[in-house]
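Now for the letters of each chain:
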Amino acid sequence: MLDAASVGIVAPQTAHFDTPLTLKSGTVMPAHDLVYETYGKLNADRSNAILICHALSGNHHIAGRYSENDKRAGWWDNMVGPGKPIDTNRFFVIGLNNLGGCHGSTGPSSIDPASGKPYGARFPLVTVEDWVTSQARLADTLGIRQFAAVVGGSLGGMQALQWTIQYPERVRHALVIAAAPKLTAQNIAFNDVARQAILTDPDFYGGDYYAHDTTPKRGLRLARMLGHITYLSDDVMGSKFGRILRHGAFNYGYDVEFEIESYLRYQGDKFAESFDANTYLLMTKALDYFDPTHHHEHGDLSLALKPARAEFLVVSFTTDWRFSPERSKEIVKALLDNQRPVSYAEVTSSHGHDAFLMVEPYYHGLVRAYMDKVTV
Amino acid sequence: MSPSIRPEFALIADRIKSSSRVLDLGCGDGALLNHLQQHRQIRGYGVEISDDSVLACVQNGVNVIQTDLEAGLSAFESGSFDYVILSHTLQTMRNVDSIMAEMLRVGREGIVTFPNFGYWRHRMQVIAGRMPVSRSLPYQWFDTPNVHLCTLNDFEEFCSSRGIRIIERVVMTGRQTIGFAPNLLGSLAVYRFEKLG
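Nothing here was measured: the structure is a model prediction, and the numbers come from that model.

Asker: An account of the overall build of chain A is requested, with residue identities and associated values reported.
Answerer: When helices and strands are counted, chain A shows 10 helices and 14 strands. For chain A, the spread of C-alpha atoms along the three principal axes comes to 65 × 55 × 50 Å. Counting the 376 residues in chain A, one finds 57% classified as buried. In chain A, 71% of the contacts between residues at least 6 apart in sequence involve partners at least 24 apart. Summed over all atoms, the accessible surface of chain A reaches about 15,600 Å², with 53% contributed by carbon and sulfur. Each charge class in chain A was averaged separately, 35 positive and 41 negative side chains, and the resulting centres sit 3 Å apart.

Shown next, in the form of structure tokens:
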């Protein structure tokens, strides 16, 4: 069903890049593809472009549907569309699948022209900086010199933040949502358990499972189940599932008994069917590596954000314990130290980290109000 | 000067140097900051705790930080503002000492406004045996957010005992500035102050 506030039927496009891309790791990608979607119209002076960066498991399909019968809209359809908080009547919105992804951009499951086989283990690790570099090249090909705003939640928020440091003159506003300036040890620990689940799956074959006509589903499923726990709050799990039993009584066995088990296994299975394990590994490493203070003395975030010229909206959610409000406040403090224009909102929500994807009137009201003030 | 802003906002705006840096604590919908941005070209931030106010600030194009003032101003560096304003909020603060100290840590000059408990209408109601309710104290005793009401004399004594120098005092009732017997005839106090020495 299509509603009036939907961007409607959309189709992805592919941009091919022949210029070699030198990654942070030192590896050179001789050529690569980026798949992307756009919504709305680029205005005559190309001043109304918005880039939306995706999180760990996201992609370029932000809004709209692929056909009349498509049951699922893009992952941020509640935020992006005509009359929505990021209004496609005013803005030209771009979503892309990051380099290393598994939804059409060159990634570990793509065919390596050098060997004629999937890259697999040979695909280089990429960083948030690499993504931002490749996004800037995509902007170049679309004729966009400067974004009105770069927007992202979670890992996407890190990309928005990195944009303001890496290309200060190319971004007027940054919306950094449910993000952190860098991961904590606890966060890296969660990521590593997820990676270990994949790496130790007998079907992983050192990353070259494509050749064996299999995928490390068990590992990827476990990784997703673990991740999913950390994206929800104890509150929301309690209110949604509590200790509810599927069949009303204990079975004294290891099959699904509690509803939460059923839910998590279903989420894990669904994800393991559709996502590439190598991409999952690579995305979690990009998260772990991200640290704009890396090259600065004493890990000083204020120093790292000094080049930024953008104006900021920073949003956190009260029950988000994966990227807690405290982490967003670190970003805000560093921006205040640099006298950047910034607004910060702490949204009361029971939905944990996933809240950034949900419709919450205050949250959506803020984004709408902020975007209304973005001149084009 | 836009006629729609509150009279004490106009009074404060007259005292803010152009292009200065302003922090407005408990900034409400950001009306004062918005006014100062347009008429004084200031750079500023508001601080608010309520969702509605934060949203209104963003709608008004005012930078706002959502946080609880009671938790202090640790996000703000010492000496990073020319003025720190606390308007109609002092009397609601649990820890008056700490907010006054924080204001003078992050700013060179503090500006507070608060309802004068010593205003004659308030005194009359107390004499009549009731907690005062007035235009400047529009709450009943059971639903008031005000926990630290004071008179002009109280506030001035507080400042002198804390090494705070009062730069200027303006006392108002409605749009009228009160010169004579201000602690009796004034309903609203505006103070500018700084650290001694």
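Asker: Explain the pattern of salt bridges residue by residue, including any values.
Answerer: If you walk through the whole model with that rule in mind, you get 25 salt bridges over all chains. Lys84(A) serves as the salt-bridge partner of Asp77(A), at 3.2 Å between the closest nitrogen and oxygen. Taking relative accessible area as the criterion, Asp77(A) reaches 12% and is therefore assigned buried. One salt-bridge network, in which partners are shared between bridges, spans Arg15(B), Glu109(B), Glu168(B) and Arg192(B).

Asker: Tell me about the interface of chain B and chain A, and name the residues and values.
Answerer: Contacts between chain B and chain A engage 19 residues on the former and 18 residues on the latter. Buried area between chain B and chain A, summed over both chains or domains, comes out near 1,600 Å², and the portion from carbon and sulfur atoms is 55%. Area buried by chain B at its contact with chain A is led by Tyr45(B), Val58(B) and Gln66(B), which between them contribute 31% of it. The interface formed by chain B and chain A contains 1 salt bridge. Between Lys333(A) and Glu77(B) there is a salt bridge, with its nearest N and O atoms 2.7 Å apart. Joining chain B to chain A, the criterion identifies 11 residue pairs in polar contact (both at pLDDT 80 or more). Broken down by secondary-structure element, the contributors of at least two residues to the side of chain B that touches chain A are β2 (43–48), α3 (51–59) and β3 (64–66) of chain B. Per-element accounting of the side of chain B that touches chain A gives the leading share, 5 residues, to α3(B).

Asker: Tell me about the packing of helix α1 (residues 7–14) of chain B against helix α2 (residues 31–40) of chain B, and please be specific about residues and values.
Answerer: Residues and elements named next belong to chain B. For the pair α1 and α2, interaxial distance at closest approach is 10 Å and the crossing angle is 40°. In terms of their interaxial angle, α1 and α2 are classed as oblique. α1 and α2 meet at a crossing whose hand is right-handed. Note on element contacts: α2 touches α1 through Ala31, Leu32, His35, Leu36 and Arg40, opposite Phe9, Ile12, Ala13 and Asp14.

Asker: Could you give me a rundown of empty space enclosed by the protein, with the residues and numbers involved?
Answerer: All names here are of chain B. Inspection of the entire model under this criterion finds 1 cavity of 30 Å³ or more. Space inside the largest cavity adds up to approximately 30 Å³. Around the largest cavity, the lining residues are Leu69, Glu70, Gly72, Met93, Asn95, Ser98, Ile99 and Glu102. Classifying every residue of the lining of the largest cavity gives 3 nonpolar, 3 polar and 2 charged.

Asker: Describe the packing of helix α10 (residues 361–373) of chain A against α3(B), naming the residues involved and giving the relevant values.
Answerer: Across the interface, α10(A) lies against α3(B) with an axial gap of 8 Å and an inter-helix angle of 15°. If you check the angle between α10(A) and α3(B), you find them roughly parallel. Considering the relative orientation of α10(A) and α3(B), their crossing is left-handed. Facing α10(A), whose interface residues are Tyr362(A), Gly365(A), Leu366(A), Ala369(A), Tyr370(A) and Lys373(A), α3(B) presents Asp51(B), Val54(B), Leu55(B), Val58(B) and Gln59(B). Residues of the contact of α10(A) with α3(B), tallied by class, amount to 7 nonpolar, 2 polar and 2 charged.

Asker: Describe the pairing of strand β8 (residues 188–195) of chain B, with residues and values.
Answerer: Residues and elements named next belong to chain B. Along β8, 6 of the 8 residues are buried, which leaves the element largely enclosed by surrounding structure. Taken together, the 6 bridges between strand β5 (residues 107–115) and β8 define a ladder with antiparallel strand orientation. Following the sheet pairing, Thr113 is matched in β8 by Val190. In the sheet, strand β6 (residues 164–173) pairs with β8 via 8 bridges, with the strands oriented antiparallel. Within the sheet, the bridge partner assigned to Arg165 lies in β8 and is Glu194.

Asker: I'd like a rundown of the state of the cysteines, residues and numbers included.
Answerer: Each disulfide is one covalent bond, formed between the sulfur atoms of two cysteines. Residues and elements named next belong to chain B. This structure, assessed with the given rule, holds 0 disulfides over all chains. The cysteine Cys27 is free of any disulfide, with Cys57 supplying the nearest cysteine sulfur at 3.6 Å. Under the relative-accessibility criterion, Cys57 is labelled buried at 0%.

Asker: So what's going on with unusual backbone geometry? Residues and values would help.
Answerer: Residue and element names in this part refer to chain A. Of note in the backbone geometry, Ser154 takes a positive phi value of approximately 60° without being a glycine. Examined against the element boundaries, Ser154 turns out to sit in the loop between β11 (149–153) and α2 (155–166). The buried category is assigned to Ser154, whose relative accessible area is 9%. Phi is positive for Ala178, close to 50°, though the residue is something other than glycine.

Asker: Residues and numbers for the side chain of Arg40(B), please.
Answerer: Residue and element names in this part refer to chain B. Position of Arg40 among the secondary structure elements: in helix α2. Of the polar contacts made by the side chain of Arg40, one reaches the backbone oxygen of Ala13; its length is 3.0 Å. Setting aside chain neighbours within four positions, we find Arg40 in contact with Ala13, Asp14, Ile16, Lys17, Ser18, Ser19 and His35.

Asker: Tell me about the pairing of β11(A), residues and numbers included.
Answerer: All names here are of chain A. Of all 5 residues that make up β11, 5 are buried, and the element is covered over most of its length. Every second residue of β11 is oriented toward a common face, with Ala149, Val151 and Gly153 on one face and Val150 and Gly152 on the other, all of them buried. Relative to β11, strand β5 (residues 49–53) runs parallel, the two sharing 4 bridges. By the bridge assignment for β11, Ile52 is matched with Val151. Of the pairings in the sheet, the one linking β11 to strand β12 (residues 173–177) comprises 4 bridges and is parallel in character. Residue pairing for β12: Gly153 is matched across the bridge by Ile177. Between the parallel elements β11 and β12, the chain passes through α2 in a crossover that is right-handed.

Rules of the game
- Residues numbered from 1 in each chain as written.
- Chains lettered and ligands numbered in written order.
- Predicted model: local features only at pLDDT ≥ 70, side-chain atom pairs only at ≥ 80, totals over all residues.
- Heavy atoms only, no water.
- Helix = DSSP H or I, 4+ residues; strand = E, 2+ residues; numbered from the N terminus.
- Buried < 20%, exposed > 50% of the residue type's maximum accessible area, 1.4 Å probe, protein only.
- Contact = heavy atoms within 4.5 Å.
- Areas by Shrake-Rupley, 256 points an atom, 1.4 Å probe, with all protein chains shown as cover.
- Lys, Arg positive; Asp, Glu negative; His and termini not counted.
- Charge placed at Lys NZ, Arg CZ, Asp CG, Glu CD.
- Salt bridge = Lys/Arg side-chain N within 4 Å of Asp/Glu carboxyl O.
- Buried area = accessible area lost by both parts, 1.4 Å probe.
- Polar contact = N/O pair within 3.5 Å; in protein donor to acceptor, adjacent residues only side chain to side chain.
- Axes fitted to C-alpha atoms, helices over the stretch in contact; angles between N-to-C directions.
- Parallel < 35°, antiparallel > 145°, perpendicular 65-115°, else oblique.
- Left-handed = near helix turned anticlockwise from the far one by under 90°.
- 1 Å grid on protein atoms, 1.4 Å probe; cavity = no way out; pocket = protein on both sides within 12 Å on 5 of 7 lines; lining within 4 Å.
- Points joined across faces, edges and corners; volume = space filled by probe spheres on them.
- Nonpolar A, V, L, I, M, F, W, Y, C, P; charged D, E, K, R; others polar.
- Pairing = 2+ DSSP bridges.
- Disulfide = S-S within 2.5 Å.
- Right-handed = clockwise from strand over helix to strand, strands pointing away.

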